[in-house]
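# Descriptive analysis of the structure
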Amino acid sequence: KRHTIPYTYRMHTDGLKRHDFAYAFAALVIIGLGIGAYFYADNTTNTREYDALTQRAESFAALLNVARIASLTGTNADLENSDYLYLKQQLAGLKDYNPDLQFIYLMGNADDRIYFLVDAESADSEDYSAPGQTYSEASGELFALWEPDAPPLLEIYADRWGNWISALAPIRNVDGETIAVLGIDKDAAEHSMYFLIVAGLIVIATLSLLLLIAILYSSHRTEIDLIDMKSDFVAAASH
């Protein structure tokens, strides 16, 4: 009498060796692509965004006239200063051409106090900061911008106005002394929401492909099982 291998044993040996590796490999490739896409999105929507924001702050700072800034006193007297009015108009124009930015401003530092010099916001705005208004939320990194050769700063923080991604660029005179800092603020919540949407789409796409692989695998295993059952039936009938 011919000895036949039990169906269940054959299914878990021959089938696994022939086909399961391909499906496992495909699943690993999909997971790898999903992880790669996530880090690519993180790089493009975060790192590159931060670099671009810092470059914009530096470019805006380079447009401003140092002599006009040096004439500011950081007091209400500046409201009648033609240099102040010119700088405010210039910052307001930059804000109009960059609608993704919430705030553009100049800050000064004296007596261990950081204060506003010029704010692009109109005087009737609830977010307006008058000349000389103290910025009490200033971080140690912001104070460090007045140190010699300090590089531009990018901060992600919360203050009385909301949650922000801020790029700040020092403005120096001919002697290399920092006389002011230009800051631009972007809504951090809006940026985070955009990143979460992109990351969510990547996760959904990855899970959808893994589900498809699982369905194809299940269908393939069912087909193999049917073939094995047919073979067992034919073998049993022949005896």
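Note that the structure is predicted; figures quoted are calculated from it, not measured. (Residues numbered from 1 in each chain as written. Predicted model: local features only at pLDDT ≥ 70, side-chain atom pairs only at ≥ 80, totals over all residues. Heavy atoms only, no water.)

### Description of the packing of aromatic side chains
What the rule picks out here adds up to 6 aromatic pairs. Geometrically, the ring pair formed by Phe116 and Trp161 is edge-to-face, given 6.1 Å between the ring centres and 85° between the ring planes. One end of the pair, Phe116, is in strand E2 (residues 113-119); the other, Trp161, is in the loop between strand E3 (153-159) and strand E4 (162-172), with 45 residues separating them in the sequence. It is Arg68 that lies over the ring of Tyr86; its NZ or CZ is 3.9 Å from the centre. (Phe/Tyr/Trp six-rings, centres within 6.5 Å; stacked < 30°, edge-to-face > 60°. Helix = DSSP H or I, 4+ residues; strand = E, 2+ residues; numbered from the N terminus. Lys NZ or Arg CZ within 6 Å of the ring centre and 35° of its normal.)

### Quick look at the nonpolar core
Membership of the largest hydrophobic core comes to 27 residues, with the highest contact counts inside it found for Leu64, Leu91, Ile104, Leu106, Val118, Leu182 and Ile184. Elements that contribute at least two residues to this core include exactly helix H2 (14-63), helix H4 (82-97), strand E1 (103-110), E2, E4 and strand E5 (178-187). Sequence-distant contacts of Val118, that is, excluding residues within four places in its chain, are made with Leu72, Tyr84, Leu87, Lys88, Leu91, Tyr105 and Leu106. If you look at the next biggest cluster of nonpolar residues, it comprises 16 residues, including Tyr135, Ala150, Leu153 and Trp164. (Core = buried A, V, L, I, M, F, W, Y, C linked by side-chain atoms within 4.5 Å. Buried < 20%, exposed > 50% of the residue type's maximum accessible area, 1.4 Å probe, protein only. Contact = heavy atoms within 4.5 Å.)

### Topic: the pairing of E3
Residues Leu153, Glu155, Tyr157 and Asp159 line the buried face of E3, whereas the alternating positions Leu154, Ile156 and Ala158 sit on a face that is not buried. Across 7 bridges, the pairing between E3 and E4 is antiparallel. Within E4, the residue paired with Ala158 across the bridge is Asn163. In this antiparallel pair of consecutive strands, E3 and E4, the connection spans 2 residues. (Pairing = 2+ DSSP bridges.)

### Here we look at the side chain of Thr178
Turning to its location among the elements, Thr178 is positioned in strand E5. Among residues more than four places away in sequence, those in contact with Thr178 are Leu145, Trp146, Glu147, Pro170, Ile171 and Arg172.

### Remarks on the sheet that holds E5
Reading across from one edge, E2-E1-E5-E4-E3 is the order of the 5 strands in this open sheet, with antiparallel pairing throughout. Because the sheet does not close on itself, it has two edges, and the strands there are E2 and E3. With direction set aside, neighbouring strand axes in the sheet form an average angle of 35°. Pairing of E1 with E5 involves 5 bridges; the strand directions are antiparallel. Across the sheet, Ile104 pairs through a bridge with Ile184, a residue of E5. (Axes fitted to C-alpha atoms, helices over the stretch in contact; angles between N-to-C directions.)

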